[in-house]
Every structure is written in structure tokens, then in C-alpha cells.
Amino acid sequence: MPVAPSSSISVVLAFATSITYILFLKNKSLQRKIKSSRKKQPRTTSKKISRRAKNDNLKLDVDDGDFQMKEIGRISAPFGMRAGTPRQGLLAQHTRSILTLHLDIPKETVDDLDQYSHVWIIFKFHLNPIGKGKSDSDSNTNLGKAKQKNIPRRIDFTSSKVKPPRAGGKKVGVFATRSPHRPNNVGLSLAKLESVESVETIGENGKKRKKAILKLLGLDLVDETPVYDIKPYLPSDVVTLTDIRSPSWVNAKDELASVQWTDEAKESLIVHQRNGMLEPFYGRNESNDDDAFQAISEVIAQDPRAQHEGRGIATRDGDSYKISFCSLRIEFTVEEVSDGFIAKVRRAINDEGDAAALPGSYQYNLALKNEAGAIDMA
């Protein structure tokens, strides 16, 4: 018996519906498997970046904005603030610092490093004030647009020229100086490697672990400076004097003729060292007390005063200049003599900080820390 046309259409529709439903179920099952595999495997992202920009001479930096560097350790240094830190570390070769690597950096990374006499330290200028050099926000730069459109990023740099303290007020391009205020606040410093050691500490899991430390001499970095990398200094890094060219203001001999200490100041420094106030850099039981004395003298000999603070001239009667060294405040004056200028260290006293200083500054924070310590002891 022949099937009616309407019945044939119904059979076809029913068959098509069944096939569609089966495909739907298979698709759902496939999606579940994909989600499950994604949970089991770590996420990875890959972005296709063009190897050539529209301008062949322009290299793009479009992968999530800035290149990210991993901090590998921190510097412990006698200098708590930028003022009074040597302008070049090897000009104050008796200053001691310690680089402590973070626990996630295996101590084996420094194996054989002690075979070198000097090391390069790549670090961050972490005390740069916001708004000087560059903004702390993407809103004042083209960084946000560059991220969105994969276009070259232009840095809105606010200090293309600076006045180096030794240039006598002259403005020069920032790349012609060692100024910390740069498009990227990254610095490079050379130090003498005194020793490579390991210390025992407690990890996050409560187990004892060892981390590496580098004891350094002649480093011009502030306490708590973040470090990104360490590289050994090689004989091939040396440039012969006949090949070196530099501006006259860099070569100017503007060091103070000498640094003299009053008997009271020198005796005070010795007492403070014996009481452990210069640790961990200068031990209380050291047979040679002169290293701390020499370090402070080398720093002062470079005249750490800024131009507006009277650099290159004598201090006025009744005035003195102060620098921080470990937990001490060193006060000195500068006097003019027949062969130039000399510094006289007047006092070496315990640094109590200054609660009236600018909030957030080293002296202000130190005052709060000492006040909190006094409350705890009460």
C-alpha cells in the first residue's frame, strides 16, 4: 500500500531531528573533554607578533607592554638614603654591602663565582620619586594604547635633560649621565667580590633551606635595592686609558683636600662599632677598627652635598651637613683652606630619625620605627 506524501515528510523530519540531536550530544561531550583537558594542563598563551614593523627600522615591543625582569635578591647596605651614598662605589672601596639572593634562586647559581674578583650588579632605582623622570601610571603615557593596538610604545619622558651635581649647573642629556631618572629605572654598578657564602634559613614550608649571599666592597647602592642580575667582571671589560674620552666636568678634580675627625667623633664611632651598631657590615669584635672610619671618610671626601646644598663651597658658621651610615648620623662641616676645602667630622651619633621630615622619607620612617621600638620596650 503506497505511503501518503504527508507521512513521508513526517518520517524524514523525524530522522533529521534524531540526527541533529545525536550531533548535539556528541558536541556537548566533546566540549566537556576539552574543558577537562584544560583544567589538567597549565594555561599557555601565544601571541602572534609580527617580525617586521611597518617601519623596517623600528622594533616593536608589543607583548603585554614592558619586558618583565625577575628580582633575584636585595642589597643590604650602610646607606639608608640616597643622600650620602657614594656617586661611584669604587671611590669608596672600604664600604661594605651584602647581596642576599631570594630563596627561589638556587644557591648553585653562584657556584664558581668566587673565582672572580669583581662583579657587575644590575639593579632597580627603587627610590625614584613619582613624577620625576617618568609617570607611575599608564594614563600619562601611550602604554595603554600600545597594548591595545600592538603599536610601538612612546615613553612620555619628563626629564630628557638633567643637571649633574658636578657639572656646575649645566644641563646635559640624561643618557650622557649616570642619573637615576631614566626612561627605564635600571642601573649597572661594579663592585669588588669579597666572598660568596650561604646562610641557613626557614622556607615557607617550615623546612631549613640555604640561600646564597655575596659580600661586596665598594658598592654605591642604597639599602634594600632590588637586584635583577649578577655578571662577572672580565679582563676584556677593561678599556685602556688612551681610548677613554669623557667630558671635562666628569674629569674635574673636585674632591675635598682631606677629611679630618675630631677626637670626640672618632672615639664615638669606635664605641658604636664595639656596641654592634655597625653590624652586619662592620663587626663589634674586628681587630681593625679603621675600615668603618675609612669608608665614611671616602664618602665625605667626594663631597656628597648637592649643588643647592652648597657643594664646592664652605658651610656657613653654625651649619653642618649630615649623612646616614648604618644606624648612625655623621655630621661634618666644610672649611676653605689655602689648598682647597677640607671636611671636619664633628659628630657620630645614634640616628633617631626626624618626625618633622617629609612623610615617607628615610628620616621620617626611621623616627616612626624608633618610636614603635620604644613603645614595645615600655
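Criteria and cut-off values
- Residues numbered from 1 in each chain as written.
- Predicted model: local features only at pLDDT ≥ 70, side-chain atom pairs only at ≥ 80, totals over all residues.
- Heavy atoms only, no water.
- Pairing = 2+ DSSP bridges.
- Helix = DSSP H or I, 4+ residues; strand = E, 2+ residues; numbered from the N terminus.
- Axes fitted to C-alpha atoms, helices over the stretch in contact; angles between N-to-C directions.
- Parallel < 35°, antiparallel > 145°, perpendicular 65-115°, else oblique.
- Left-handed = near helix turned anticlockwise from the far one by under 90°.
- Contact = heavy atoms within 4.5 Å.
- Nonpolar A, V, L, I, M, F, W, Y, C, P; charged D, E, K, R; others polar.
- Core = buried A, V, L, I, M, F, W, Y, C linked by side-chain atoms within 4.5 Å.
- Buried < 20%, exposed > 50% of the residue type's maximum accessible area, 1.4 Å probe, protein only.
- Polar contact = N/O pair within 3.5 Å; in protein donor to acceptor, adjacent residues only side chain to side chain.
- Patch = residues over 30% accessible without salt bridge, like charges linked within 9 Å, V, L, I, M, F, W, Y side chains within 5 Å.
- Areas by Shrake-Rupley, 256 points an atom, 1.4 Å probe, with all protein chains shown as cover.
- Salt bridge = Lys/Arg side-chain N within 4 Å of Asp/Glu carboxyl O.
- Phe/Tyr/Trp six-rings, centres within 6.5 Å; stacked < 30°, edge-to-face > 60°.
- Lys NZ or Arg CZ within 6 Å of the ring centre and 35° of its normal.
- Expected span 1.5 Å × (residues − 1).

Novice: Describe the sheet that holds strand β1 (residues 73–76), naming the residues involved and giving the relevant values.
Specialist: Reading around the barrel, the six strands line up as β1-β2-β7-β6-β3-β8 and close back on themselves, with antiparallel pairing between neighbours. Recorded for the sheet is a direction-independent mean angle of 45° between the axes of neighbouring strands. As paired elements, strand β2 (residues 96–101) and strand β7 (residues 208–217) share five bridges and run antiparallel to each other. Within β7, the residue paired with Ile 98 across the bridge is Lys 215.

Novice: Residue-level account of the packing of helix α4 (residues 263–274) against helix α5 (residues 290–301), with values.
Specialist: Look at α4 against α5: their axes get within 10 Å of each other, and the N-to-C directions meet at 125°. As far as their axial angle goes, α5 and α4 are oblique. The way α4 lies across α5 gives a crossing that is right-handed. Residue-level contacts link Lys 266, Leu 269 and Gln 273 of α4 to Asp 290, Ala 292, Phe 293 and Ile 296 of α5. The residue inventory of the contact of α4 with α5, partitioned by class, reads four nonpolar, one polar and two charged.

Novice: Outline the nonpolar core, listing residues and values.
Specialist: Leu 99, Ile 121, Leu 216, Ile 230, Ile 300 and Ile 330 are the most contacted members of the largest nonpolar core, which totals 49 residues. It is α5 that contributes the most residues to this core, six residues altogether.

Novice: An account of the environment of His 94 is requested, with residue identities and associated values reported.
Specialist: As for its position among the elements, His 94 is in the loop between β1 and β2. Residues His 94 and Ala 295, 201 residues apart in the sequence, show an inter-C-alpha distance of 4.6 Å. Apart from the residues lying within four places of it in its own chain, the contact partners of His 94 are Tyr 282, Asp 291, Gln 294, Ala 295 and Glu 298. At a separation of 2.6 Å, a polar atom in the side chain of His 94 contacts the side chain of Glu 298.

Novice: Pulling in residues and values, what's your account of the side chain of Ser 195?
Specialist: Relative to the elements of secondary structure, Ser 195 occurs in strand β6 (residues 186–202). Note on Ser 195: relative accessible area 19%, which makes it buried. Of the polar contacts made by the side chain of Ser 195, one reaches the side chain of Glu 197; its length is 3.0 Å.

Novice: Tell me what's going on with a nonpolar patch on the surface, and back it up with residues and numbers.
Specialist: A cluster of nonpolar side chains, contributed by Ile 19, Ile 22 and Leu 23, occupies part of the molecular surface with about 270 Å² of accessible area. Looking at the secondary structure, you find Ile 19 in helix α1 (residues 5–40).

Novice: Describe the packing of aromatic side chains, and please don't skip the residues or the numbers.
Specialist: Taken as a whole and judged by the stated rule, the model has six aromatic pairs. Between Trp 120 and Tyr 233, the ring centres sit 5.7 Å apart and the planes meet at 50°, which makes this aromatic pair tilted. Of this pair, Trp 120 sits in strand β3 (residues 118–124) while Tyr 233 sits in the loop between β8 (226–232) and α3 (248–251); the two residues are 113 residues apart in sequence, bridging distant segments of the chain. Judged by relative accessible area, which is 22%, Trp 120 ranks as partly exposed. By relative accessible area, Tyr 233 is classed as partly exposed at 22%. Taken together, Phe 79, Tyr 282 and Phe 325 form an aromatic cluster joined through their ring pairs. The aromatic ring of Phe 293 is capped on one face by Lys 266, whose charged end is 4.1 Å from the ring centroid.

Novice: Account for α5, with residues named and values stated.
Specialist: The end-to-end C-alpha separation of α5 is 16 Å, in line with the 16 Å expected for twelve residues at 1.5 Å each. Within α5, ten of the twelve residues are buried, leaving the element largely enclosed by the surrounding structure. Buried positions along α5 lie against β2, β9 (258–261), α4, β10 (321–325), β11 (328–337) and β12 (340–350). Of the residues trailing α5, Asp 303 is marked for its positive phi of about 55°.

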